[in-house]
Amino acid sequence: MLQTFLLATVAGASLATLPQDANARNIVSISPDVAPGTIVISASKRRLFYVVDTGVAISYPVAVPKRGKEWAGETSVEGKYVNPDWVPPAVVKADHPELPNFIPGGWPRNPMGVRALTLGRGEVAIHGTTRKMRASVGTAASYGCIRMLNEDVSDLYERVSVGSPVMMTR
């Protein structure tokens, strides 16, 4: 099970690839069986782990899918977007008909935030958030997406490539 890949915090890890401003991020140990460049999301821990080297990952807090919208398995990063536009998926629009049909990128109420990494799972992405929705990070709140703080998704965006593997565990 993927949860067994997540191990204890590494004290004093110092690699050139690690974040310089780690306010919301931690450097942790992860199974050496997880390849560098892999994103591992633990829904139960509400953390996203980006493997930077054998046995070493950056851990970011995230909001994960809410009850009934959970998913698990393997996929990959399909696209990378700066200030992405947002069109509410049909399931979101059905629950929130008051939402506009289109929110342009860069607009303060755009729920995608400043960066988005689309995944090969339909309408699912790892993305930033609005100022109002920041408090949801660390909870189960989304319709399937992985929500990050804007500063964290910007950091992750610079580290990953299209095609990077993504593993989600409950």
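Since we're looking at a predicted model, the values are computed, not measured.

For the protein chain, the count of helices and strands is two helices and 12 strands. What you see in the protein chain, going N to C, is helices and strands ordered as β-β-β-β-β-β-β-α-β-β-β-β-α-β. Looking at the protein chain residue by residue over its 170 residues, the buried ones come to 48%. Partitioning the contacts of the protein chain with sequence separation of at least 6, the portion at a separation of at least 24 is 60%.

This paragraph deals with the side chain of arginine 115. Structurally, arginine 115 is set in strand 8 (residues 115–119). Buried arginine 115, no salt bridge; nearest opposite-charge side chain is glutamate 158, N-O distance 4.9 Å. Beyond its immediate chain neighbours, meaning those up to four positions away, arginine 115 contacts Tyr81, Val82, Asn83, Pro84, Ile126, His127, Gly128, Val153, Ser154 and Tyr157.

With that settled, consider the nonpolar core. One finds Ile39, Ile41, Leu48, Ile126, Met148 and Leu156 to be the most contacted residues of the largest nonpolar core, which totals 26 residues. Secondary-structure elements contributing two or more residues to this core are strand 3 (39–42), strand 4 (47–53), strand 5 (56–61), strand 8, helix 2 (150–159) and strand 12 (165–169). In contact with leucine 156, not counting residues within four places along its chain, are Ile39, Leu48, Tyr50, Tyr60, Leu117, Ile126 and Met148. Formed by eight residues, the second largest nonpolar core is a distinct cluster that contains Ile30, Val40, Phe49 and Met167.

Okay, helix 2 next. Taken together, the buried positions of helix 2 are Asn150, Asp152, Val153, Asp155, Leu156 and Tyr157. On its buried face, helix 2 sits against strand 3, strand 4, strand 5, strand 7 (73–82), strand 8 and strand 9 (125–127).

Glancing now at the pairing of strand 5. The element strand 5 is extensively covered by neighbouring structure, given that six of its six residues are classed as buried. Here strand 5 shows two buried faces, one formed by Val56, Ile58 and Tyr60 and the other by Ala57, Ser59 and Pro61. The pairing of strand 2 (residues 26–30) with strand 5 spans four bridges and is classified as antiparallel. The partner of serine 29 across the bridge, within strand 5, is valine 56. In the sheet, strand 4 pairs with strand 5 via six bridges, with the strands oriented antiparallel. What sits directly across from phenylalanine 49, in strand 5, is serine 59. Linkage of strand 4 to strand 5, two consecutive antiparallel strands, is achieved through a turn of two residues, within which glycine 55 is found at a positive phi near 80°.

Below, the discussion takes up the pattern of salt bridges. Across all of its chains, the model carries four salt bridges by this definition. Between arginine 25 and aspartate 155 there is a salt bridge, and its shortest N-O distance comes to 3.6 Å. A residue pair is termed long-range when its members are at least 10 positions apart, and arginine 25 in the loop between strand 1 (6–9) and strand 2 and aspartate 155 in helix 2 qualify at 130 residues. Residues arginine 25 and aspartate 155 agree in their burial class; the two are buried. A salt bridge links arginine 134 to glutamate 151; its shortest N-O distance comes to 3.0 Å. Of this pair, arginine 134 sits in the loop between strand 9 and strand 10 (140–142) while glutamate 151 sits in helix 2, and the two are 17 residues apart along the sequence. A network of salt bridges, in which partner residues are shared, links Arg25, Asp152, Asp155 and Arg159.

The rules behind these values
- Residues numbered from 1 in each chain as written.
- Predicted model: local features only at pLDDT ≥ 70, side-chain atom pairs only at ≥ 80, totals over all residues.
- Heavy atoms only, no water.
- Helix = DSSP H or I, 4+ residues; strand = E, 2+ residues; numbered from the N terminus.
- Buried < 20%, exposed > 50% of the residue type's maximum accessible area, 1.4 Å probe, protein only.
- Contact = heavy atoms within 4.5 Å.
- Lys, Arg positive; Asp, Glu negative; His and termini not counted.
- Salt bridge = Lys/Arg side-chain N within 4 Å of Asp/Glu carboxyl O.
- Core = buried A, V, L, I, M, F, W, Y, C linked by side-chain atoms within 4.5 Å.
- Pairing = 2+ DSSP bridges.

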